[in-house]
Amino acid sequence: MRLAFLLVLAAGLARPQGIIQQGSEVFAKTCAIGYCHGVKGEGGGAPKLAGRGFDEAYITSVTRAGVPGTAMQGYGTILARPEFNAVVAYVMNLNGIEPRTSGPAPRTLDPDAQRGRELFSDSVRGFARCSTCHQVDGLGIAVAAIAKVPVNVAELRQITASHVRTADVASERFPALVVSQGGRRTVLYDLTTIPPVLRTVESNAVRLGDGAKWTHASVLNSYRDPELDSILAFLRATLGSPK
Amino acid sequence: MRFLPLFAVLALAFAGDGATHSDWPQYGGTDSFWRYSALDQINTANVKRLAPVWAFQTGDYEMGLQATPIVIGGVLYLSTSRAHVYALDAADGHLIWQYKYPQPRGAVPYGPQNRGVAVSGGKVILGTYDNYVVALDQKTGVEAWRVNVEDSKQCGCNITAAPLIVKDTVIVGGTGGDSAHRGYLTAFDIRNGHLKWRFYTIPGPGEKGHETWKGDSWKFGGGATWMTGSYDPDLNLVYWGVGNAASDFYAGERDGQNLYTNSIIALDPDTGKLRWYYQEIPKDVWDFDSSYECVLLDREVRGRVRKLLVHVNKGGFAFVLDRSNGEFLGAYPIVDNYNWIKGVTEDGKLIGRNEPVEGKAAYICPGAAGGKSWNQIAFSPRTGWIYTPSLEVCSDLVAGRQEVIEGGSFFGGNFIMKPPPDGPAHSHVDAYDPVTGKRQWSFSYKYSLLASMLATAGDLVFTGDPEGNFFALDARTGAKLWSFQTGAGHRGSSVAYSVNGRQYVATPTGWGSLVSNALTPVWPEAETFRAGSTLMVFALPEDRK
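The following refers to the structure shown. (Residues numbered from 1 in each chain as written. Chains lettered and ligands numbered in written order. Predicted model: local features only at pLDDT ≥ 70, side-chain atom pairs only at ≥ 80, totals over all residues. Heavy atoms only, no water.)

1. Remarks on the packing of aromatic side chains
Residues and elements named next belong to chain B.
- The full count for this structure, using the stated rule, is 37 aromatic pairs over all chains.
- With centroids separated by 5.7 Å and ring planes inclined at 20°, the aromatic side chains of Phe462 and Phe470 adopt a geometry described as stacked.
- Since its relative accessible area comes to 0%, Phe470 is described here as buried.
- A connected cluster of aromatic rings, assembled from ring pairs, spans Trp286, Phe288, Phe317, Tyr338 and Trp340.
- The ring of Tyr200 carries the charged tip of Arg182 above its face, separated from the ring centre by 3.9 Å. (Phe/Tyr/Trp six-rings, centres within 6.5 Å; stacked < 30°, edge-to-face > 60°. Buried < 20%, exposed > 50% of the residue type's maximum accessible area, 1.4 Å probe, protein only. Lys NZ or Arg CZ within 6 Å of the ring centre and 35° of its normal.)

2. Brief notes about the environment of Tyr36(B)
Residues and elements named next belong to chain B.
- Within the fold, Tyr36 resides in strand E1 (residues 36–37).
- Among the residues examined, Tyr36 registers a relative accessible area of 2% and is labelled buried.
- Those residues in contact with Tyr36 that lie beyond four places of it in its chain are Gly18, Ala19, Thr20, Trp24, Phe379, Ser380, Pro381, Arg382, Ala455, Thr456 and Ala457. (Helix = DSSP H or I, 4+ residues; strand = E, 2+ residues; numbered from the N terminus. Contact = heavy atoms within 4.5 Å.)

3. Here we look at the sheet that holds strand E34 (residues 469–474) of chain B
Residues and elements named next belong to chain B.
- Taken together, the 5 strands give an open sheet; going across it, the order is E1-E32-E33-E34-E35, and neighbouring strands pair in mixed fashion. Two strands bound the open sheet, and with one partner strand each, they are E1 and strand E35 (480–485).
- Note that strand E32 (residues 454–456) and strand E33 (residues 460–464) share 3 bridges and pair antiparallel. When the bridges of E33 are listed, Ala455 appears paired with Val461. (Pairing = 2+ DSSP bridges.)

4. Considering helix H4 (residues 81–94) of chain A
All names here are of chain A.
- Given a rise of 1.5 Å per residue, 14 residues ought to cover 20 Å, and the 20 Å separating the end C-alpha atoms of H4 matches this to within 8%.
- Taken across its 14 residues, H4 has 10 buried, putting it largely inside the fold.
- Directly beyond the C-terminal end of H4, a positive phi value near 75° is found at Gly96. (Expected span 1.5 Å × (residues − 1).)

5. So, the state of the cysteines
Residues and elements named next belong to chain B.
- All chains considered together, the criterion is met by 2 disulfides over all chains.
- Between the sulfur atoms of Cys155 and its disulfide partner Cys157 the distance amounts to 2.1 Å. Where Cys155 bonds to Cys157 through sulfur, the torsion about that S-S bond is close to -90°, and the disulfide is left-handed. A single burial state applies to Cys155 and to Cys157, both of which are buried.
- Disulfide pairing is shown between Cys365 and Cys394; the S-S distance is 2.1 Å. For the disulfide bridge between Cys365 and Cys394, the dihedral angle about the S-S bond is near 105°, and by the sign convention the bridge is right-handed. Note that Cys365 is positioned in the loop between strand E25 (362–364) and strand E26 (378–380) and Cys394 in strand E28 (residues 394–399), a separation of 29 residues in sequence. (Disulfide = S-S within 2.5 Å.)

6. Observations regarding the interface of chain A and chain B
- Listed by partner, the interface residues are 45 residues for chain A and 59 residues for chain B.
- With both sides pooled, the region where chain A packs onto chain B buries about 4,000 Å², and carbon together with sulfur makes up 57% of that total.
- Connecting chain A to chain B are 1 salt bridge.
- The salt bridge involving Glu150(B) is made with Arg129(A); its shortest N-O contact spans 2.6 Å.
- On the surface where chain A and chain B come into contact, there are 16 residue pairs in polar contact (both at pLDDT 80 or more).
- Secondary-structure elements contributing two or more residues to the side of chain A that touches chain B are helix H2 (19–30), strand E3 (185–190) and strand E4 (197–202) of chain A.
- It is E4(A) that contributes the most residues to the side of chain A that touches chain B, 4 residues altogether. (Buried area = accessible area lost by both parts, 1.4 Å probe. Salt bridge = Lys/Arg side-chain N within 4 Å of Asp/Glu carboxyl O. Polar contact = N/O pair within 3.5 Å; in protein donor to acceptor, adjacent residues only side chain to side chain.)

7. Here's the deal with the sheet that holds strand E29 (residues 413–418) of chain B
Residue and element names in this part refer to chain B.
- Across the sheet, which stays open at both edges, the 3 strands sit in the order E25-E28-E29 with antiparallel pairing between neighbours. With one partner strand each, in any of the chains shown, E25 and E29 form the two edges of the open sheet. Neighbouring strand axes in the sheet, compared pairwise and without regard to direction, differ in orientation by 30° on average.
- Sheet topology places E25 next to E28; 3 bridges connect them, and they run antiparallel. When the bridges of E28 are listed, Ile364 appears paired with Ser395. (Axes fitted to C-alpha atoms, helices over the stretch in contact; angles between N-to-C directions.)

Right under this line is the structure:
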């Protein structure tokens, strides 16, 4: 047990950066979770991975294909390629192998943008946060794309959503963001409540009208102006400045 | 359906009808969660002739087949780990429709697992492994609505349990208790998916109970609601078990009682407001969730008929509460090996806590897999007994302070499974008087029993084992009366139903889940327990029923 702690300590002292840091984050949320490998590969319900003398080929192959008949699924088609490579690099690092690629340079956000990133997806706010409907920097649910980063808070607060329409379905009328319209079925987001609901309706049973009274306000009002300023700094840092 | 014997009718009248009849309409059978069928065509006298009549292979082998099938009006609804749903003819297994939830992009926490659907109001509702609630048209399987509960990558949570539908409200819990996460129940309108309410199991600033958390620990304190609740329509109360506090084994950062983790909560289903709570384990440091099923029955306690709630937690103790107000009425162990506490006082206090320590292994029973896993107990009004699955496994637990990564693993320590002091690891099914805790009989088994109990009016208790056997015990004696090798291990919940007067018993087969894998250190034979994903259905031969 003591040896395991020393190994864990050694891994901690290696000051993982770049790809290893990225790998440790993906690992903590994917491989360590539940009764599985532990955040530092110390094992638990699933086998220990740190200090096992695994080589790169073995780590890559098991991560890709999994172990049939166990809870170890194959991540080859599940993780995006950079995440996959990062996890493999992290497990290699846990086994004392330096990864050959360094991965992307760790991105640094200035403190205001970093604060904005946290506010964007601030879980304490429940559904009343930006990430309920927007996905930026891998955070959140991609209901609506952010077409243009507002110049300032005043502009953000005044955003009107002209593409939000009014849908009449049976006895319901609701603000709708149309995803697809086919001959048989129409798929749209119902924005009556937050979170939005993706609904599938018969095309001949829905009537779409232009314009809706829907505004951003219900979620925006959970933020104070200085907080929205920080969120805009985060959006500029990740999506680019308004042109 | 046949007429029930008179004494069964009397027992039902006494206890309130928590029995299922021709349908198996809800996850726990009915709102009362008895997992008991009033069907008695298959009984102790003829169960030896029980034979398979059809099987359905789902093709989705991930994490085994953990579901409870739902049967309504001769149609059986079955869900798999990857949130595929099948509507089958319950008499012959032919496919009526299928729905395959699109595979999410990226990894999801806790992996793909699904324990069942809920069916009501013309819709089939399920939770998904990337944390959406999905409603399908009951007749066609076409998706009607879909709503995200929280970004699963951020919260380290997802939905594995079947939802509970109360009137037009879909109530759904989530996993995440072993992640840095704050648990909740969320309710949606079954008609259109609109949010109705959310109840956080950890009170926020300004709310009563918030003072039971130190500093910011409430933000990531666990309290997942990862199984399915019960409902009392007369009291209009929903009951839900709340999971462990986090980090699981290290409480240095969350000094306090940690409400409402490890509690039974009673909510108004229309508003989500808390009516009462009872915390079984203040400041949990063993990962001993109270998240399992709440069985509702009416029985005499000390000379007075009470509306009871019987609940077995992961620490291997059954708690008996008055479900109208949460009053503690008693507790008793359902495991032989326990040392995490010495016992529970007459007023519900835990005595002799044996807590894991920082950086040093402590031998604690039951182990981190629990004295009972999420597979459910059953209650028979005919015998008046509950039937419980128990695990006799311990752990070496090590506690350690852990940095918070929102949504990341947050055990605050580690564990390895160990055999109990009284011999090799094993498990057992027992019959108990639910109020006194008096054991009536015990059926022992050498490996882990991780499938639910099903009780029937034929005085049978059905369950399955990891070696692939589906078997029936005599509800009154525990004698094994019938067994059939289904070819894969059992981790789901069997049900009974009837179509055109013929009784069927259906069981999911296919070994899997996180706990089943975590038990490998005490049972190396677990390497031979077969994965799979097949629903097996049994009945008496037609000429002899």
